[in-house]
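Listed below, chain by chain, are the residues.
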Amino acid sequence: MISNITNTFIKAKKAFETSKLTESKNLLNEVIKHDKDYFSAYLMLYEIYDKINSKKKNIVYKELKRLDPNLSIKHKPAVTSNKRVSKKPELVTLSLIKLMISQGKKMQAKKNLRLIISYSKNKSEKNKAQNILDNL
């Protein structure tokens, strides 16, 4: 627990002015943890997140608007792209796919055949999968 919120804020401000953004950010979060309505701490935290273009600045902006609905900051929301990391899927065997087809699970078989065609390293397996897919 911090003993004096104002002193901690002053330390955060000095750290901010000397471009020690991580230290300043940690101190400001401590201030906010003890006083949820400390407007100046939110304002400085917003500036830090804006400098590093963090998506957390959107959250801080909402808090600033909660504290002062007439706030006049030109806020440009930080856009984060959801990069999908494609994992190599587990491939099933062709004999299992033939079983799926015999059981009437054609959609599931087609999906697995396409996965084999896309991800398999074995050329003959790819060709067999393509032939089965063409005949479905």
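Structure: see above.
Structure report, in brief. (Residues numbered from 1 in each chain as written. Predicted model: local features only at pLDDT ≥ 70, side-chain atom pairs only at ≥ 80, totals over all residues. Heavy atoms only, no water.)

So, about the overall build of the protein chain. For the protein chain, the helix and strand inventory stands at 7 helices and 0 strands. Put simply, the protein chain runs from its N terminus to its C terminus through helices and strands in the order α-α-α-α-α-α-α. In terms of C-alpha radius of gyration, the protein chain reaches 28 Å, well past the compact-globule figure of 14 Å for 136 residues. Projected onto the principal axes, the alpha-carbon positions of the protein chain cover approximately 75 × 30 × 30 Å. Here the protein chain has roughly 10000 Å² of accessible surface; of this, 50% comes from carbon and sulfur atoms. Measuring between centres, the 30 positive side-chain charges of the protein chain sit 13 Å from its 12 negative side-chain charges. (Helix = DSSP H or I, 4+ residues; strand = E, 2+ residues; numbered from the N terminus. Rg over C-alpha atoms; globule rule 2.2 N^0.38 Å. Areas by Shrake-Rupley, 256 points an atom, 1.4 Å probe, with all protein chains shown as cover. Lys, Arg positive; Asp, Glu negative; His and termini not counted. Charge placed at Lys NZ, Arg CZ, Asp CG, Glu CD.)

Applying the stated criterion across every chain yields a total of 4 salt bridges. Notably, a salt bridge pairs R66 with D37, separated by 3.2 Å at the nearest N-O pair. Here R66, found in helix α4 (residues 56–67), pairs with D37, found in the loop between α2 (21–34) and α3 (39–51); they are 29 residues apart in sequence, far enough to count as distant. You can call D37 partly exposed: its relative accessible area is 48%. A salt bridge links E63 to R66; the shortest N-O distance between them is 2.8 Å. Placement of the pair is E63 and R66 together in helix α4, with a separation of 3 residues, close to one helical turn. (Salt bridge = Lys/Arg side-chain N within 4 Å of Asp/Glu carboxyl O. Buried < 20%, exposed > 50% of the residue type's maximum accessible area, 1.4 Å probe, protein only.)

The end-to-end C-alpha distance of helix α6 (residues 106–119) is 20 Å, a good match for the 20 Å that 14 residues give at a rise of 1.5 Å each. Among all positions in α6, only A109, N112, L113 and I116 are buried. Taken end-on, α6 shows its buried residues confined to a sector of 105°, consistent with a single buried face. Those residues of α6 that are exposed and angled more than 90 degrees off the buried face are M107, K111 and S118. Where α6 is buried, its residues contact α5 (94–102) and α7 (123–135). (Expected span 1.5 Å × (residues − 1). Arc of directions from axis to C-beta. Contact = heavy atoms within 4.5 Å.)

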